[in-house]
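Each chain, written out:
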Amino acid sequence: MTEAPELSIVIPVYNEEAILERALRRLIGDLRTLARPFEVIVATNGCRDMTIPIAKELMSEFAELVVLECPVPDYGAALRLGILSARGHTILCDEIDICDVDFHRRALRRLDHDECEMVVGSKAMRGARDRRPLTRRVATRVINGLLWATLDFHGTDTHGLKAFKRAPLLPIVEKCVVNKDLFASELVIRAERAGLRIQEIPIELEEQRSPPINLVKRVPRVLKDLGKLVYVIRVKDEG
């Protein structure tokens, strides 16, 4: 790539060999229609299938593609690694089973006009269409309720699609203490508590494949990390 990227699209992936190539080909093609220099950062985390070889093979075809490797299965660590490695002054966080360039377009309009520092794609706000299985929709509502109750979160979603200006958000990223599932939530909550301007926009979401990590198995870890997050923000940061 000869031109410095204006946009960095960060996608954490874990064992996604079944959909990776198709999704990346479509995403990169769609991103080129934005007519802005960009990079797509695939941040792998603990993959045990052919995800990494497939991604690296695609690098020879797509100059915009960057592949990073986080050695352990940790969504938050991979997302953090991708954000800290990003070169664009605008960072967009995507999911390999979503790859929603329409969200990117809508978010960029708001960031370009300096309406906010961060845009969150919400699955739960009015106007959103969440077609995932009921258990996943309920899990989103439960997590949001816990964040409202424990950390005075004022939004409707924290996990998934996000776009933000790199400069004001990097110090927030560096303050985050939780990895795994709640890193994305901590990032949004810390940005809100720091007084950064955040806008939510509704998204449409339909599951493309079963989650690579069982939802039930994630519950104890999420609750443990939520307790840690509440302690750090409520006791250490405010104490």
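All of the points below concern the structure found in this document.

About the thresholds
- Residues numbered from 1 in each chain as written.
- Predicted model: local features only at pLDDT ≥ 70, side-chain atom pairs only at ≥ 80, totals over all residues.
- Heavy atoms only, no water.
- Pairing = 2+ DSSP bridges.
- Helix = DSSP H or I, 4+ residues; strand = E, 2+ residues; numbered from the N terminus.
- Axes fitted to C-alpha atoms, helices over the stretch in contact; angles between N-to-C directions.
- Buried < 20%, exposed > 50% of the residue type's maximum accessible area, 1.4 Å probe, protein only.
- Left-handed = near helix turned anticlockwise from the far one by under 90°.
- Contact = heavy atoms within 4.5 Å.
- Nonpolar A, V, L, I, M, F, W, Y, C, P; charged D, E, K, R; others polar.
- Core = buried A, V, L, I, M, F, W, Y, C linked by side-chain atoms within 4.5 Å.
- Disulfide = S-S within 2.5 Å.

1. What to know about the sheet that holds strand 7 (residues 162-165)
Spatial ordering of the open sheet is given by 3-2-1-4-7-5-8, a layout of 7 strands whose pairing is mixed. Across the chains shown, the open sheet's two edge strands, defined by having one partner strand only, are strand 3 (65-70) and strand 8 (198-202). Between one strand axis and the next, the sheet turns by 20 degrees as a mean value, whatever way the strands run. Relative to strand 2 (residues 38-45), strand 1 (residues 7-13) is paired through 7 bridges, and the arrangement is parallel. Of the residues in strand 2, the one forming a bridge with Ser8 is Glu39.

2. Here's the deal with the pairing of strand 5 (residues 118-122)
A regular strand places its side chains so that they alternate between the two faces of the sheet. Most of strand 5 sits inside the fold, with 5 of its 5 residues counted as buried. Alignment of strand 5 against strand 7, held across 3 bridges, turns out to be antiparallel. Of the residues in strand 7, the one forming a bridge with Val119 is Ala163. As judged from the 5 bridges shared by strand 5 and strand 8, these two strands associate in the parallel manner. Each bridged residue has a counterpart across the sheet, and for Ser122 the counterpart in strand 8 is Pro202.

3. A few points about the packing of helix 3 (residues 75-85) against helix 6 (residues 166-175)
Across the interface, helix 3 lies against helix 6 with an axial gap of 11 Å and an inter-helix angle of 145 degrees. Of the two elements, helix 3 crosses helix 6, and the hand of that crossing is left-handed. Contacts between helix 3 and helix 6 involve Arg80, Ile83 and Leu84 on the former and, on the latter, Leu170, Val173 and Glu174. When the residues that make up the contact of helix 3 with helix 6 are grouped by side-chain class, the tally is 4 nonpolar, no polar and 2 charged.

4. Regarding the nonpolar core
Of all hydrophobic cores here, the largest spans 37 residues; its most connected members are Ile9, Leu24, Val40 and Ile96. Ranked by the residues each element gives to this core, the list is headed by helix 1 (residues 20-32), at 6 residues. When near neighbours in sequence (up to four residues on either side) are disregarded, Ile9 contacts Leu27, Leu31, Phe38, Glu39, Val40, Ile41, Leu92, Asp94 and His104. Core analysis: the second largest hydrophobic core is formed by 32 residues, Val178, Ala191, Leu229 and Ile233 among them.

5. Digging into the state of the cysteines
Applying the stated criterion across every chain, the model contains 0 disulfides. Cysteine Cys70 is unpaired, with the sulfur of Cys47 as its nearest cysteine sulfur at 9.6 Å. In this structure Cys70 comes out as buried when scored by relative accessible area, which is 11%. Sulfur of Cys176: no disulfide; nearest cysteine sulfur belongs to Cys93 and is 11 Å away.

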